[in-house]
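Read off the chains here:
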Amino acid sequence: MSYFEKIQKTTLKEEPIIMAIETSCDETAVAIVKNGREILADEIISSATEHAKFGGVVPEIASRTHTTAILTATENALKSAKLTLDDIDAFAVTEGAGLLGALLVGVSFAKSLAFSLDKPLVPVSHIKGHISAAYLADKSLEPPFITILASGGHTAIVAVEDYYNINVLGSTIDDAVGEAFDKVARVLGLSYPGGPNVEKLAKDGQNVISLPKMLKNYDGGEYDFSYSGLKTAVINYVHTQESKGLEVKKEDVAASFQHSAIDVLIEKAIKAAEQFNYKTIAISGGVGANGYLREALKKAAESKGFKLILPEKRYCTDNAAMIGAEGYLQYKKRNFADLTLNAKAVVPLK
Ligand SMILES: Nc1ncnc2c1ncn2[C@@H]1O[C@H](COP(=O)(O)OP(=O)(O)OP(=O)(O)O)[C@@H](O)[C@H]1O
Ligand SMILES: [Mg+2]
(Lines give C-alpha, C1' and ligand atoms only; values in the text may rest on other atoms or scores of the structure.)
(Ligands and ions follow the chains in the order given, each with its own letter.)
Protein backbone atom coordinates (compact mmCIF):
# COMPACT_ATOMS: atom_id res chain seq x y z
CA MET A 1 0.00 0.00 0.00
CA SER A 2 1.39 3.43 -0.89
CA TYR A 3 1.94 6.17 1.69
CA PHE A 4 -1.12 8.08 0.51
CA GLU A 5 -3.37 5.00 0.47
CA LYS A 6 -2.40 4.35 4.09
CA ILE A 7 -2.99 7.99 5.04
CA GLN A 8 -6.46 7.99 3.55
CA LYS A 9 -7.38 5.20 5.94
CA THR A 10 -6.08 7.14 8.98
CA THR A 11 -8.61 7.52 11.77
CA LEU A 12 -8.78 11.16 12.88
CA LYS A 13 -7.71 11.86 16.47
CA GLU A 14 -10.19 13.66 18.71
CA GLU A 15 -7.48 15.96 20.09
CA PRO A 16 -4.67 15.77 17.54
CA ILE A 17 -1.14 16.92 18.30
CA ILE A 18 0.13 18.66 15.19
CA MET A 19 3.69 19.65 14.40
CA ALA A 20 3.63 22.78 12.24
CA ILE A 21 6.46 24.00 10.05
CA GLU A 22 6.76 27.51 8.59
CA THR A 23 9.61 28.61 6.32
CA SER A 24 7.97 31.08 3.92
CA CYS A 25 10.34 33.98 4.55
CA ASP A 26 13.20 34.59 6.98
CA GLU A 27 11.89 32.74 10.03
CA THR A 28 12.51 29.02 10.49
CA ALA A 29 9.58 28.17 12.75
CA VAL A 30 8.40 24.89 14.24
CA ALA A 31 5.50 24.60 16.67
CA ILE A 32 3.54 21.81 18.30
CA VAL A 33 -0.15 22.57 18.75
CA LYS A 34 -2.77 20.43 20.46
CA ASN A 35 -6.33 20.50 19.26
CA GLY A 36 -5.68 23.64 17.19
CA ARG A 37 -5.74 25.84 20.29
CA GLU A 38 -3.07 24.87 22.78
CA ILE A 39 0.56 25.70 22.00
CA LEU A 40 2.80 22.98 23.42
CA ALA A 41 5.97 24.34 21.80
CA ASP A 42 6.82 27.27 19.61
CA GLU A 43 10.32 27.73 18.22
CA ILE A 44 11.51 30.49 15.91
CA ILE A 45 15.01 30.86 14.53
CA SER A 46 15.18 34.12 12.60
CA SER A 47 17.75 35.09 10.00
CA ALA A 48 16.64 38.75 10.13
CA THR A 49 20.05 40.03 11.27
CA GLU A 50 21.67 38.33 8.26
CA HIS A 51 19.32 40.21 5.94
CA ALA A 52 19.59 43.55 7.76
CA LYS A 53 23.01 44.13 6.16
CA PHE A 54 21.31 44.11 2.75
CA GLY A 55 18.27 46.23 3.71
CA GLY A 56 15.76 43.44 3.00
CA VAL A 57 15.31 39.68 2.78
CA VAL A 58 17.82 37.94 0.46
CA PRO A 59 15.96 34.80 -0.71
CA GLU A 60 19.01 32.59 -1.05
CA ILE A 61 20.28 33.45 2.43
CA ALA A 62 16.78 32.68 3.78
CA SER A 63 16.74 29.23 2.11
CA ARG A 64 20.25 28.32 3.27
CA THR A 65 19.49 29.38 6.83
CA HIS A 66 16.31 27.28 6.87
CA THR A 67 18.33 24.27 5.77
CA THR A 68 20.72 24.58 8.68
CA ALA A 69 18.15 25.71 11.29
CA ILE A 70 15.17 23.44 10.66
CA LEU A 71 16.43 20.38 12.49
CA THR A 72 17.48 22.44 15.52
CA ALA A 73 14.08 24.15 15.63
CA THR A 74 12.35 20.75 15.42
CA GLU A 75 14.48 19.17 18.14
CA ASN A 76 14.00 22.21 20.39
CA ALA A 77 10.23 22.09 19.87
CA LEU A 78 10.04 18.39 20.80
CA LYS A 79 12.28 18.95 23.80
CA SER A 80 10.28 21.90 25.15
CA ALA A 81 6.97 20.03 24.69
CA LYS A 82 8.56 16.91 26.27
CA LEU A 83 7.37 14.83 23.33
CA THR A 84 8.92 12.57 20.72
CA LEU A 85 8.09 12.32 17.02
CA ASP A 86 5.92 9.28 17.80
CA ASP A 87 3.53 11.56 19.72
CA ILE A 88 2.87 13.69 16.64
CA ASP A 89 -0.41 12.91 14.83
CA ALA A 90 0.14 15.03 11.69
CA PHE A 91 2.61 17.42 10.07
CA ALA A 92 1.25 20.76 8.88
CA VAL A 93 3.40 22.88 6.63
CA THR A 94 3.14 26.25 4.90
CA GLU A 95 2.86 25.46 1.19
CA GLY A 96 2.67 29.16 0.17
CA ALA A 97 2.61 32.04 -0.33
CA GLY A 98 6.21 33.06 0.11
CA LEU A 99 9.71 32.71 -1.26
CA LEU A 100 9.83 29.49 -3.27
CA GLY A 101 13.30 28.36 -2.23
CA ALA A 102 12.49 29.07 1.41
CA LEU A 103 9.14 27.26 1.30
CA LEU A 104 10.72 24.22 -0.37
CA VAL A 105 12.90 23.60 2.67
CA GLY A 106 9.87 23.34 4.98
CA VAL A 107 7.77 21.39 2.48
CA SER A 108 10.53 18.82 1.83
CA PHE A 109 11.27 18.47 5.54
CA ALA A 110 7.59 17.98 6.46
CA LYS A 111 7.19 15.48 3.61
CA SER A 112 10.11 13.40 4.88
CA LEU A 113 8.71 13.31 8.40
CA ALA A 114 5.19 12.45 7.27
CA PHE A 115 6.44 9.74 4.90
CA SER A 116 8.85 8.13 7.34
CA LEU A 117 6.30 8.07 10.18
CA ASP A 118 3.20 7.28 8.07
CA LYS A 119 1.40 10.36 9.35
CA PRO A 120 -0.77 12.85 7.43
CA LEU A 121 0.85 15.81 5.67
CA VAL A 122 -1.37 18.89 5.89
CA PRO A 123 -0.70 21.79 3.49
CA VAL A 124 -1.52 25.22 4.93
CA SER A 125 -1.90 28.69 3.40
CA HIS A 126 0.35 31.19 5.18
CA ILE A 127 -2.36 33.84 5.14
CA LYS A 128 -5.07 31.52 6.46
CA GLY A 129 -2.51 30.78 9.17
CA HIS A 130 -2.21 34.47 10.06
CA ILE A 131 -6.00 34.68 10.33
CA SER A 132 -6.21 31.52 12.48
CA ALA A 133 -3.76 32.97 15.02
CA ALA A 134 -6.93 34.45 16.55
CA TYR A 135 -7.97 30.93 17.71
CA LEU A 136 -4.77 30.70 19.74
CA ALA A 137 -5.40 34.08 21.36
CA ASP A 138 -8.89 33.20 22.56
CA LYS A 139 -9.48 29.50 23.04
CA SER A 140 -13.25 29.95 23.03
CA LEU A 141 -13.35 32.11 19.88
CA GLU A 142 -15.77 30.94 17.23
CA PRO A 143 -16.51 32.57 13.90
CA PRO A 144 -17.96 34.83 12.65
CA PHE A 145 -15.54 37.70 13.18
CA ILE A 146 -13.96 40.50 11.21
CA THR A 147 -10.19 40.47 10.93
CA ILE A 148 -7.84 43.22 9.85
CA LEU A 149 -5.27 41.37 7.79
CA ALA A 150 -2.22 43.64 7.83
CA SER A 151 1.09 42.08 6.87
CA GLY A 152 4.13 42.51 4.67
CA GLY A 153 2.32 41.29 1.58
CA HIS A 154 -1.38 41.72 2.37
CA THR A 155 -3.82 44.35 3.56
CA ALA A 156 -7.50 43.48 3.71
CA ILE A 157 -10.66 43.57 5.75
CA VAL A 158 -11.82 39.98 5.95
CA ALA A 159 -15.10 38.57 7.20
CA VAL A 160 -14.37 35.14 8.70
CA GLU A 161 -17.81 33.64 8.17
CA ASP A 162 -17.05 30.23 9.58
CA TYR A 163 -13.97 28.04 10.13
CA TYR A 164 -13.62 27.36 6.41
CA ASN A 165 -15.10 30.35 4.59
CA ILE A 166 -13.65 33.81 4.46
CA ASN A 167 -15.02 36.77 2.56
CA VAL A 168 -12.48 39.41 1.57
CA LEU A 169 -14.51 42.61 1.81
CA GLY A 170 -11.74 44.76 0.39
CA SER A 171 -7.98 44.81 0.02
CA THR A 172 -5.11 46.99 -1.09
CA ILE A 173 -5.06 48.02 -4.71
CA ASP A 174 -1.27 48.52 -4.63
CA ASP A 175 1.24 48.22 -1.74
CA ALA A 176 0.59 46.36 1.48
CA VAL A 177 0.69 48.33 4.73
CA GLY A 178 3.74 46.41 6.04
CA GLU A 179 5.54 47.10 2.78
CA ALA A 180 4.77 50.82 3.21
CA PHE A 181 6.22 50.70 6.75
CA ASP A 182 9.35 49.06 5.37
CA LYS A 183 9.74 51.60 2.54
CA VAL A 184 9.18 54.57 4.84
CA ALA A 185 11.73 53.08 7.24
CA ARG A 186 14.25 52.98 4.43
CA VAL A 187 13.73 56.64 3.49
CA LEU A 188 14.14 57.55 7.17
CA GLY A 189 17.42 55.63 7.29
CA LEU A 190 16.08 52.91 9.62
CA SER A 191 17.28 49.35 9.36
CA TYR A 192 15.34 46.23 8.29
CA PRO A 193 12.79 45.11 9.45
CA GLY A 194 11.31 48.57 9.14
CA GLY A 195 7.93 48.33 10.86
CA PRO A 196 9.09 48.00 14.48
CA ASN A 197 11.72 50.72 13.96
CA VAL A 198 9.18 53.18 12.54
CA GLU A 199 6.97 52.45 15.56
CA LYS A 200 9.85 53.09 17.95
CA LEU A 201 10.73 56.40 16.30
CA ALA A 202 7.08 57.49 16.15
CA LYS A 203 6.88 57.29 19.96
CA ASP A 204 8.99 60.47 20.17
CA GLY A 205 7.11 62.26 17.40
CA GLN A 206 3.78 63.95 16.77
CA ASN A 207 1.18 63.60 14.07
CA VAL A 208 1.76 67.12 12.66
CA ILE A 209 2.68 66.55 9.02
CA SER A 210 -0.26 66.64 6.67
CA LEU A 211 -0.35 63.56 4.44
CA PRO A 212 -2.93 62.78 1.73
CA LYS A 213 -6.18 61.02 2.64
CA MET A 214 -6.24 57.54 1.19
CA LEU A 215 -8.42 56.88 -1.90
CA LYS A 216 -10.15 60.24 -1.70
CA ASN A 217 -11.68 60.15 -5.17
CA TYR A 218 -11.65 56.39 -5.63
CA ASP A 219 -14.90 54.80 -6.69
CA GLY A 220 -13.88 51.16 -6.12
CA GLY A 221 -14.78 49.07 -3.10
CA GLU A 222 -15.39 50.85 0.21
CA TYR A 223 -13.10 48.41 2.05
CA ASP A 224 -10.19 48.83 -0.34
CA PHE A 225 -6.87 50.42 0.59
CA SER A 226 -4.01 52.12 -1.21
CA TYR A 227 -0.61 52.67 0.38
CA SER A 228 1.43 53.66 -2.63
CA GLY A 229 0.29 57.34 -2.59
CA LEU A 230 0.94 57.65 1.14
CA LYS A 231 4.41 56.16 0.79
CA THR A 232 5.22 58.51 -2.12
CA ALA A 233 3.92 61.51 -0.15
CA VAL A 234 6.29 60.66 2.71
CA ILE A 235 9.23 60.24 0.34
CA ASN A 236 8.39 63.54 -1.42
CA TYR A 237 8.06 65.36 1.91
CA VAL A 238 11.48 64.17 3.06
CA HIS A 239 13.17 64.99 -0.25
CA THR A 240 11.53 68.44 -0.55
CA GLN A 241 12.53 69.39 2.98
CA GLU A 242 16.08 68.21 2.36
CA SER A 243 16.39 70.03 -0.97
CA LYS A 244 15.26 73.26 0.71
CA GLY A 245 17.79 72.74 3.46
CA LEU A 246 14.96 72.47 6.00
CA GLU A 247 14.96 70.18 9.01
CA VAL A 248 13.32 66.76 8.67
CA LYS A 249 12.02 65.78 12.07
CA LYS A 250 12.08 62.05 11.49
CA GLU A 251 10.08 61.30 14.64
CA ASP A 252 7.21 63.46 13.33
CA VAL A 253 7.39 61.86 9.88
CA ALA A 254 7.18 58.42 11.50
CA ALA A 255 4.27 59.43 13.76
CA SER A 256 2.32 61.13 10.96
CA PHE A 257 2.82 58.21 8.60
CA GLN A 258 1.85 55.70 11.29
CA HIS A 259 -1.40 57.57 12.00
CA SER A 260 -2.35 57.76 8.32
CA ALA A 261 -1.44 54.13 7.66
CA ILE A 262 -3.22 52.68 10.69
CA ASP A 263 -6.27 54.88 11.31
CA VAL A 264 -7.88 53.83 8.04
CA LEU A 265 -7.50 50.14 8.95
CA ILE A 266 -9.39 50.72 12.19
CA GLU A 267 -12.08 52.86 10.55
CA LYS A 268 -12.83 50.23 7.92
CA ALA A 269 -12.81 47.32 10.35
CA ILE A 270 -15.32 49.05 12.63
CA LYS A 271 -17.46 49.96 9.62
CA ALA A 272 -17.44 46.33 8.40
CA ALA A 273 -18.37 44.96 11.83
CA GLU A 274 -21.25 47.43 12.01
CA GLN A 275 -22.43 46.79 8.47
CA PHE A 276 -22.35 43.00 8.76
CA ASN A 277 -23.43 42.96 12.39
CA TYR A 278 -20.37 41.02 13.57
CA LYS A 279 -19.65 41.23 17.29
CA THR A 280 -15.93 40.48 17.23
CA ILE A 281 -12.91 42.11 15.59
CA ALA A 282 -9.43 40.52 15.38
CA ILE A 283 -6.09 41.50 13.94
CA SER A 284 -3.74 39.32 11.94
CA GLY A 285 -0.37 39.73 10.24
CA GLY A 286 2.89 41.41 11.21
CA VAL A 287 1.54 44.97 11.39
CA GLY A 288 -0.79 43.65 14.10
CA ALA A 289 2.27 43.82 16.36
CA ASN A 290 2.18 47.63 16.08
CA GLY A 291 1.52 49.15 19.50
CA TYR A 292 -0.33 52.19 18.15
CA LEU A 293 -2.69 49.95 16.13
CA ARG A 294 -3.33 47.73 19.15
CA GLU A 295 -4.07 50.65 21.48
CA ALA A 296 -6.18 52.65 19.02
CA LEU A 297 -8.17 49.59 17.94
CA LYS A 298 -8.78 48.67 21.57
CA LYS A 299 -10.22 52.12 22.26
CA ALA A 300 -12.35 52.10 19.10
CA ALA A 301 -13.66 48.56 19.68
CA GLU A 302 -14.44 49.22 23.35
CA SER A 303 -16.28 52.43 22.59
CA LYS A 304 -18.49 50.58 20.09
CA GLY A 305 -18.97 47.48 22.24
CA PHE A 306 -17.09 45.02 20.03
CA LYS A 307 -15.11 42.14 21.45
CA LEU A 308 -11.47 42.42 20.43
CA ILE A 309 -9.04 39.58 19.72
CA LEU A 310 -5.42 40.72 19.87
CA PRO A 311 -3.03 37.81 19.34
CA GLU A 312 0.26 38.29 21.19
CA LYS A 313 2.74 40.22 19.04
CA ARG A 314 4.77 37.06 18.48
CA TYR A 315 1.70 35.42 16.88
CA CYS A 316 1.05 38.40 14.57
CA THR A 317 4.42 38.20 12.83
CA ASP A 318 5.42 34.96 11.11
CA ASN A 319 5.35 31.92 13.40
CA ALA A 320 4.50 28.23 13.16
CA ALA A 321 1.85 28.09 15.91
CA MET A 322 -0.60 29.85 13.57
CA ILE A 323 0.14 27.17 10.95
CA GLY A 324 -0.74 24.57 13.61
CA ALA A 325 -4.04 26.35 14.34
CA GLU A 326 -5.04 26.43 10.67
CA GLY A 327 -3.51 22.97 10.09
CA TYR A 328 -5.88 21.58 12.73
CA LEU A 329 -8.89 22.87 10.78
CA GLN A 330 -7.57 21.32 7.57
CA TYR A 331 -6.77 18.05 9.41
CA LYS A 332 -10.38 17.87 10.60
CA LYS A 333 -11.46 18.13 6.95
CA ARG A 334 -8.95 15.43 5.97
CA ASN A 335 -7.26 17.87 3.64
CA PHE A 336 -4.12 15.73 3.35
CA ALA A 337 -1.49 16.09 0.65
CA ASP A 338 0.28 13.28 -1.14
CA LEU A 339 4.03 13.30 -1.67
CA THR A 340 3.80 15.41 -4.83
CA LEU A 341 3.07 18.47 -2.64
CA ASN A 342 4.99 21.46 -3.99
CA ALA A 343 5.67 24.98 -2.73
CA LYS A 344 3.58 27.79 -4.19
CA ALA A 345 4.82 31.38 -4.56
CA VAL A 346 1.23 32.63 -4.61
CA VAL A 347 -1.86 31.23 -2.91
CA PRO A 348 -5.13 33.01 -3.67
CA LEU A 349 -6.78 34.70 -0.69
CA LYS A 350 -10.22 33.13 -0.61
N1 LIG B 1 5.53 46.86 15.24
C2 LIG B 1 5.28 46.93 13.93
N3 LIG B 1 4.73 48.05 13.38
C4 LIG B 1 4.48 48.11 12.05
N5 LIG B 1 4.76 47.14 11.19
C6 LIG B 1 5.31 46.02 11.68
C7 LIG B 1 5.59 45.85 13.07
N8 LIG B 1 6.14 44.62 13.25
C9 LIG B 1 6.20 44.06 12.03
N10 LIG B 1 5.71 44.90 11.09
C11 LIG B 1 5.65 44.69 9.65
O12 LIG B 1 5.01 43.48 9.38
C13 LIG B 1 5.54 42.93 8.17
C14 LIG B 1 5.91 41.48 8.44
O15 LIG B 1 4.72 40.81 8.70
P16 LIG B 1 4.53 39.36 8.21
O17 LIG B 1 5.66 38.58 8.73
O18 LIG B 1 3.19 38.91 8.54
O19 LIG B 1 4.64 39.62 6.63
P20 LIG B 1 5.09 38.62 5.51
O21 LIG B 1 5.03 37.23 6.04
O22 LIG B 1 6.36 39.14 4.96
O23 LIG B 1 3.97 38.85 4.44
P24 LIG B 1 2.62 37.98 4.25
O25 LIG B 1 2.27 37.44 5.58
O26 LIG B 1 1.65 38.94 3.70
O27 LIG B 1 3.01 36.93 3.28
C28 LIG B 1 6.75 43.74 7.79
O29 LIG B 1 6.37 44.57 6.71
C30 LIG B 1 7.04 44.53 9.04
O31 LIG B 1 7.65 45.78 8.80
MG1 LIG C 1 3.40 36.61 7.14
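Scope of this entry: the structure provided in the associated data block.

Rules behind the numbers
Residues numbered from 1 in each chain as written. Chains lettered and ligands numbered in written order. Predicted model: local features only at pLDDT ≥ 70, side-chain atom pairs only at ≥ 80, totals over all residues. Pairing = 2+ DSSP bridges. Helix = DSSP H or I, 4+ residues; strand = E, 2+ residues; numbered from the N terminus. Axes fitted to C-alpha atoms, helices over the stretch in contact; angles between N-to-C directions. Contact = placed C-beta atoms within 7 Å. Core = buried A, V, L, I, M, F, W, Y, C linked by C-beta atoms within 7 Å. Buried ≥ 20, exposed ≤ 12 C-beta atoms within 10 Å, placed from the backbone. Domains from an automatic or database assignment.

The next thing to look at is the sheet that holds strand S3 (residues 38-46). The strand order across the open sheet formed by five strands is S3-S2-S1-S4-S5, and the pairing between neighbours is mixed. The open sheet has two edge strands with one neighbour each: S3 and strand S5 (121-125). Geometrically, the sheet is characterised by an average inter-axis angle of 20° between neighbouring strands, direction not taken into account. Each of strand S2 (27-34) and S3 touches helix H3 (residues 59-81); the most contacted strand, S2, lies at about 25° to it. Along the sheet, helix H11 (residues 321-332) makes contact with strand S1 (17-22), S2, S3, strand S4 (90-96) and S5, crossing S1 at roughly 125°.

Now for the nonpolar core. Formed by 103 residues in total, the largest nonpolar core has its most connected members in Ala20, Ala31 and Phe91. Among the elements that take part in this core, helix H9 (residues 250-276) stands out by supplying 10 residues, more than any other. Split by domain, this core shows at least three residues from each of two domains, domain 1 (3-131 + 317-332) and domain 2 (143-312). Contact partners of phenylalanine 91, with chain neighbours within four places excluded, come to Met19, Ile21, Ala110, Leu113, Ala114, Lys119, Leu121 and Val122.

To continue, consider the pairing of S2. For S2, the tally of buried residues reaches seven of eight residues, placing the bulk of the element in the interior. Taken together, the six bridges between S1 and S2 define a ladder with antiparallel strand orientation. Note on S2: the bridge partner recorded for isoleucine 17 is lysine 34. Hairpin connection from S1 to S2: four residues lie between these consecutive antiparallel strands. Two strands pair when backbone bridges link them, and S2 and S3 are joined in this way by eight bridges, in the antiparallel orientation. Within S3, the position partnered with valine 33 by the bridge is isoleucine 39. The hairpin formed by S2 and S3 contains three residues between the paired strands, and asparagine 35 there has a positive phi angle of roughly 55°.

Moving on, we come to helix H6 (residues 177-187). Counting buried positions along H6 gives eight out of 11 residues, so the element sits mostly inside the fold. Buried within H6 we find Val177, Gly178, Glu179, Ala180, Phe181, Asp182, Val184 and Ala185. Packing partners of the buried residues in H6 comprise strand S6 (145-150), strand S7 (155-160), helix H7 (194-202), helix H8 (228-243) and H9.

In this fold, tyrosine 328 is placed in helix H11. Those residues within four positions of tyrosine 328 in sequence are excluded, and the remaining contacts are Pro16, Ile18, Val33, Asn35 and Gly36.

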